[in-house]
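# Structural characterization, general
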Amino acid sequence: MKKHNYSAGPCILPQEVFEKSAQAILDFNNSGLSILEISHRSMDFVAVMEEARALVLELLGLEGKGYQALFLQGGASLEFLMVPYNLMKNNGKASYLDTGTWASAAIKEAKFFGETIVVASSKSENYSFIPKDYTIPVDADYFHCTSNNTIFGTQMKSFPETNVPMVCDMSSDIFSRTLDFSKFDLIYAGAQKNMGPAGTTLVVVKEEILGKTNRHIPSMLDYQQHIAKESMYNTPAVFAIYSSLLTLKWLKNLGGISAIEKINEAKANLLYEEIDRNPLFKGTAVKEDRSIMNATFLLNDETHKEQFDLLWKEAGISGLNGHRSVGGYRASMYNALPIESVQVLVDVMKNLENRI
Ligand SMILES: Cc1ncc(COP(=O)(O)O)c(C=O)c1O
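### Examining the overall build of the chain
Regarding its fold elements, the chain presents nine helices and 14 strands. On C-alpha atoms alone, the chain measures out to a radius of gyration of 21 Å, which is about the 21 Å that the 2.2 N^0.38 rule sets for 356 residues. In terms of overall dimensions, the chain has a C-alpha envelope of 65 × 55 × 30 Å along the principal axes. A burial count over the chain gives 56% of its 356 residues as buried.

This is the structure:
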């Protein structure tokens with residue numbers, strides 16, 4: 001039986017993506033070859049790469065606005081250092097908003113390159129909220145933020161107005177909600193949440209911000225090199241990019257980001273209403289900053305843990321345990337998770353209440 005998969009990532013993808021990916025492993029485009037054995041230089045795969053890069057910009061509303069989409073490797077974690085490598089000037093400075101584990105990992109890497117100003121942090125409150133009152137230095141080379149904090153279940157609902165280039169780690173909420181993406185100069189995201197299997201990282205960058213650092217950038221870490229080679233500087237993650245294209249097409253057929261946003265809001269409302277109503281549970285993030293992708297919550301009385309864990313596992317739910325730095329539970333409701341799965345979880349929570 002297919003599980004209700006609440007995993008934080010890698011995570012659930014649309015069923016049709018699993019099926020079409022499986023088919024392509026056996027025979028890609030009726031070529032008599034598997035997607036796993038074709039050359040990345042073959043016409044069929046070059047077409048996949050071109051379509052995927054174009055579809056990313058189309059879905060984000062960034063076509064014809066000076067942006068390039070790249071499918072790189074090394075995960076979002078490699079972007080933590082590629083961003084300062086490519087954007088922080090020699091003797092320059094960067095500014096960061098510290099909203100969680102991943103934001104602080106990005107800050108750690110930036111510090112190797114130069115002055116790194118943390119404009120605000122919610123660390124002292126175990127990252128349970130998004131800081132809002134802060135000033136971005138006007139002479140910073142860029143400002144970096146994390147739109148969704150996968151571990152702590154918080155999400156930025158608005159973004160600062162600033163004249164410095166804005167960089168955003170959207171690993172865990174890309175393609176999930178409508179935003180004015182043209183406010184951002186560089187967006188990156190590991191594929192393994194809303195886009196595809198692990199193995200490729202999406203980078204969307206406004207070309208005009210590049211080439212200004214006076215740094216020597218090693219070729220594999222240089223966005224300009226990847227742009228010049230149309231995301232094929234070296235052998236790309238062929239299979240991960242193909243499956244990502246399938247997911248992007250699924251999203252387009254569904255009606256794009258505005259359509260999935262409505263579904264995601266309905267799922268999040270359903271679960272948060274139960275967390276707030278049910279006396280056995282409490283949410284960990286402050287309400288106004290709650291993520292519609294990752295809902296983090298605790299049992300008020302830990303003695304019910306064994307019973308609750310048994311009930312959700314019996315209901316076919318998987319991946320609900322919280323990250324160790326928050327404890328309790330984390331329900332990751334990425335784009336492909338159907339609302340029926342959320343209803344199953346809500347029913348289990350009600351069931352626990354009825355038994356106690
Ligand atoms: C917001 C965010 N940034 C970065 C990362 C790290 O991504 P990767 O494992 O692709 O390096 C994650 C992983 O979950 C994440 O959720």
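### Remarks on the nonpolar core
Of all hydrophobic cores here, the largest spans 53 residues; its most connected members are Val56, Phe143, Phe175, Leu202 and Val204. The dominant element in this core, judged by the number of residues it contributes, is helix H2 (residues 43-60), at nine residues. Beyond its immediate sequence surroundings of up to four residues, phenylalanine 143 is in contact with Ser95, Tyr96, Leu97, Val119, Tyr134, Ile136, Pro160, Val164, Pro165, Met166 and Val167.

### Points about the site of the ligand
Close contacts around the ligand come from 13 residues, with Ser77, Thr150, Asp169, Gln192 and Lys193 the closest. In this structure, an oxygen atom belonging to the ligand sits 2.6 Å away from a side-chain N or O atom of serine 77. For the ligand, an oxygen atom lies 2.6 Å from a polar atom in the side chain of lysine 193. The element best represented in the shell around the ligand is helix H3 (residues 75-87), accounting for four residues. A breakdown of the residues in the shell around the ligand according to their chemical character gives three nonpolar, eight polar and two charged.

### Regarding a nonpolar patch on the surface
Together, Ile25, Leu26 and Leu36 give the surface a local cluster of nonpolar side chains, amounting to about 310 Å² of exposed area. With respect to the secondary-structure elements, leucine 36 resides in the loop between helix H1 (15-26) and H2.

### Concerning the sheet that holds strand E11 (residues 281-283)
Sheet architecture is open: three strands sit in the order E11-E12-E14, paired in antiparallel fashion. Each having just a single partner strand, E11 and strand E14 (329-332) make up the two edges of the open sheet. On average, each strand axis in the sheet is inclined to that of its neighbour by 35°, with strand direction left out of account. Two strands pair when backbone bridges link them, and E11 and strand E12 (residues 294-299) are joined in this way by three bridges, in the antiparallel orientation. Looking at the pairing, phenylalanine 281 lines up with leucine 299 of E12. Of the strands in this sheet, E11, E12 and E14 are in contact with helix H7 (residues 257-277), which crosses E12 at around 20°. Its contacts with the sheet place helix H8 (residues 305-314) against E11, E12 and E14, and it is angled at close to 25° to E14.

### Structural notes on the domain arrangement of the chain
Each assigned domain of the chain is listed with its residue range as follows: domain 1 (15-254) and domain 2 (256-355). Measuring from the centre of the C-alpha atoms in domain 1 to the corresponding centre in domain 2 gives 27 Å. The partner domain 2 presents 27 residues to the 29 residues of domain 1 that form the contact. Interface area for domain 1 against domain 2, summed over the two sides, is near 2,200 Å², with a carbon-plus-sulfur share of 55%. Here domain 1 and domain 2 share two salt bridges between them. Where glutamate 288 meets lysine 132, a salt bridge forms, and the shortest distance between an N and an O atom there is 3.1 Å. At the boundary of domain 1 with domain 2, the tally comes to 18 residue pairs in polar contact (both at pLDDT 80 or more). Those elements giving two or more residues to the side of domain 1 that touches domain 2 turn out to be H2, strand E7 (154-155) and helix H6 (238-254). Among the elements that line the side of domain 1 that touches domain 2, the one with the most residues is H6, at four residues.

### Some thoughts on the packing of aromatic side chains
A full pass over the atoms with the stated rule returns twelve aromatic pairs. Judged by centre distance (5.1 Å) and plane angle (80°), the rings of phenylalanine 28 and tyrosine 242 are edge-to-face. Taken together, the positions of phenylalanine 28 in the loop between H1 and H2 and tyrosine 242 in helix H6 put the pair 214 residues apart, joining distant regions of the chain. Looking at phenylalanine 28, the relative accessible area reads 1%, which means it is buried.

### Let's talk about the packing of H3 against helix H4 (residues 101-110)
With their axes 8 Å apart at the nearest point, H3 and H4 run at an angle of 40° to one another. One element, H3, and the other, H4, form an angle in the oblique class. The hand of the H3/H4 crossing is right-handed. Here H3 contributes Ser77, Phe80, Leu81 and Pro84 to the contact with H4, which in turn contributes Trp102, Ala105, Ala106, Glu109 and Ala110. Residues belonging to the contact of H3 with H4 are distributed by class as follows: seven nonpolar, one polar and one charged.

Criteria and thresholds
- Residues numbered from 1 in each chain as written.
- Predicted model: local features only at pLDDT ≥ 70, side-chain atom pairs only at ≥ 80, totals over all residues.
- Heavy atoms only, no water.
- Helix = DSSP H or I, 4+ residues; strand = E, 2+ residues; numbered from the N terminus.
- Rg over C-alpha atoms; globule rule 2.2 N^0.38 Å.
- Buried < 20%, exposed > 50% of the residue type's maximum accessible area, 1.4 Å probe, protein only.
- Core = buried A, V, L, I, M, F, W, Y, C linked by side-chain atoms within 4.5 Å.
- Contact = heavy atoms within 4.5 Å.
- Near = heavy atom within 4 Å.
- Polar contact = N/O pair within 3.5 Å; in protein donor to acceptor, adjacent residues only side chain to side chain.
- Nonpolar A, V, L, I, M, F, W, Y, C, P; charged D, E, K, R; others polar.
- Patch = residues over 30% accessible without salt bridge, like charges linked within 9 Å, V, L, I, M, F, W, Y side chains within 5 Å.
- Areas by Shrake-Rupley, 256 points an atom, 1.4 Å probe, with all protein chains shown as cover.
- Salt bridge = Lys/Arg side-chain N within 4 Å of Asp/Glu carboxyl O.
- Pairing = 2+ DSSP bridges.
- Axes fitted to C-alpha atoms, helices over the stretch in contact; angles between N-to-C directions.
- Domains from an automatic or database assignment.
- Buried area = accessible area lost by both parts, 1.4 Å probe.
- Phe/Tyr/Trp six-rings, centres within 6.5 Å; stacked < 30°, edge-to-face > 60°.
- Parallel < 35°, antiparallel > 145°, perpendicular 65-115°, else oblique.
- Left-handed = near helix turned anticlockwise from the far one by under 90°.

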